[in-house]
Amino acid sequence: MAATATCQGEGCRRQAADGRSRRRTADGGRLCRPCREHLDAGLAELAHLYEECGRMLAGAAPGSLRERTTGGDLPGLPFNGAAADVRARMVSVLGSWSGLVAQERGFASPERTVAALSAFLRRNGDWLAAHPAAAEATEEIARLVRAGRRAAFPDPTRSIRLGPCPESGCAGSLSVAVRTTVRDTGTDAGQAVVCDADPAHRWTSDQWSGLSRSMAGEDRTAATERWLTAADIARLWHTPTGTVYRLASEQRWRRRNRAGRTYYNETDVRTCFDRRAGART
């Protein structure tokens, strides 16, 4: 396979369907670098989505924290057929791909759990990206991620409280309304960070990084730590959720658990993304 072949990944297939050109492959495989990274991020996210869907089965409603600005806890669900179906599909699809890798590479098959299967496929990601079935792998994993997000986060919108408004003399608080049913990119550039005291104090969500630095510099916020879910971070920093989970692990972001969900320290998150942005310039 030539290093300059056309990428067969799901992302490039979508680009071609929209009339855009496919990217070229990387490292002698069948996927370009973005599609290869998207496959890895999807596999990483599936393990977390499996757990989130499990909470739906147990009757936990997504984002149902007492700190929510949109109201109190949502009522529990006695059974969620969509979540159960998606969890079964995750085990089946990941098991099939892991079986292919194990058979053709002569490896022992991993434990049949989503966490073990996804970790096994990530370790063998470069081999899978060069396999003739790489295109099918990217498409099936992407479909699973989309289905998992829909099942785990069915609530269309919720509000994230971000902290005091940084405008001089303003006593208001900032919040952003985010969609919990997201596209593959996990982003929505049209979201606005709005002050509840003065609607003229508003910023687009892609200005959040600079705004949060301003807020962190204010004496009045020094004693207040903000905590965000992986989905919140993905939307505010325009980053795939799988990448957020990976960075949280690699960079050892501080975390805490509330109502069965994991929240990450906003200062650690902001520092990480500022450093990444600086490295790209």
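Overview of the structure.

Conventions and cut-offs
Residues numbered from 1 in each chain as written. Predicted model: local features only at pLDDT ≥ 70, side-chain atom pairs only at ≥ 80, totals over all residues. Heavy atoms only, no water. Helix = DSSP H or I, 4+ residues; strand = E, 2+ residues; numbered from the N terminus. Expected span 1.5 Å × (residues − 1). Core = buried A, V, L, I, M, F, W, Y, C linked by side-chain atoms within 4.5 Å. Buried < 20%, exposed > 50% of the residue type's maximum accessible area, 1.4 Å probe, protein only. Contact = heavy atoms within 4.5 Å. Pairing = 2+ DSSP bridges. Axes fitted to C-alpha atoms, helices over the stretch in contact; angles between N-to-C directions. Parallel < 35°, antiparallel > 145°, perpendicular 65-115°, else oblique. Left-handed = near helix turned anticlockwise from the far one by under 90°.

1. Digging into helix H3 (residues 81-105)
The end-to-end C-alpha distance of H3, which contains 25 residues, comes to 36 Å, matching closely the 36 Å that a straight helix rising 1.5 Å per residue would cover. Downstream of H3 by one or two residues, Gly 106 has phi in the positive range, about 75°.

2. What to know about the nonpolar core
If you look at the biggest cluster of nonpolar residues, it comprises 38 residues, and the most contacted ones within it are Leu 46, Met 90, Leu 94, Trp 97 and Leu 121. Secondary-structure elements contributing two or more residues to this core are helix H2 (33-57), H3, helix H4 (114-123), helix H5 (125-129) and helix H6 (134-152). Here the element with the most residues in this core is H3; it accounts for 10 residues. With sequence-adjacent residues up to four places away left out, Leu 46 is seen in contact with Met 90, Leu 94, Val 114, Ile 141, Leu 144 and Val 145. Core analysis: the second largest hydrophobic core is formed by 23 residues, Cys 195, Leu 228, Trp 237 and Trp 253 among them.

3. Some points on the sheet that holds strand E7 (residues 261-265)
Adjacent strands of a sheet pair through backbone hydrogen bonds, lying either parallel or antiparallel. Here 3 strands make up an open sheet; going across it, the order is E5-E7-E6 and the pairing antiparallel. With partners counted over all chains shown, the strands left at the sheet margins are strand E5 (227-228) and strand E6 (255-258), one partner each. Two elements, E6 and E7, share 4 bridges in a ladder whose sense is antiparallel. Looking at E7, one finds that Arg 255 is bridged to Tyr 264.

4. Quick notes on the environment of Leu 49
Its location among the elements puts Leu 49 in helix H2. In this structure Leu 49 comes out as buried when scored by relative accessible area, which is 2%. Separated by 193 residues in the primary sequence, Leu 49 and Gly 242 have C-alpha atoms spaced 10.0 Å apart. Beyond its immediate chain neighbours, meaning those up to four positions away, Leu 49 contacts Met 90, Val 145, Gly 148, Arg 149, Ala 152 and Phe 153.

5. Topic: the packing of H2 against H3
Working note: a packed helix pair is described by the angle between its axes plus the distance between those axes. Where H2 contacts H3, the axes come no closer than 9 Å and their chain directions differ by 150°. Considering the angle they form, H2 stands roughly antiparallel to H3. Where H2 crosses over H3, the handedness of that crossing is left-handed. Touching Leu 43, Leu 46, Leu 49, Tyr 50, Cys 53, Gly 54, Met 56 and Leu 57 of H2 are Ala 83, Ala 84, Val 86, Arg 87, Met 90, Val 91 and Leu 94, all from H3.

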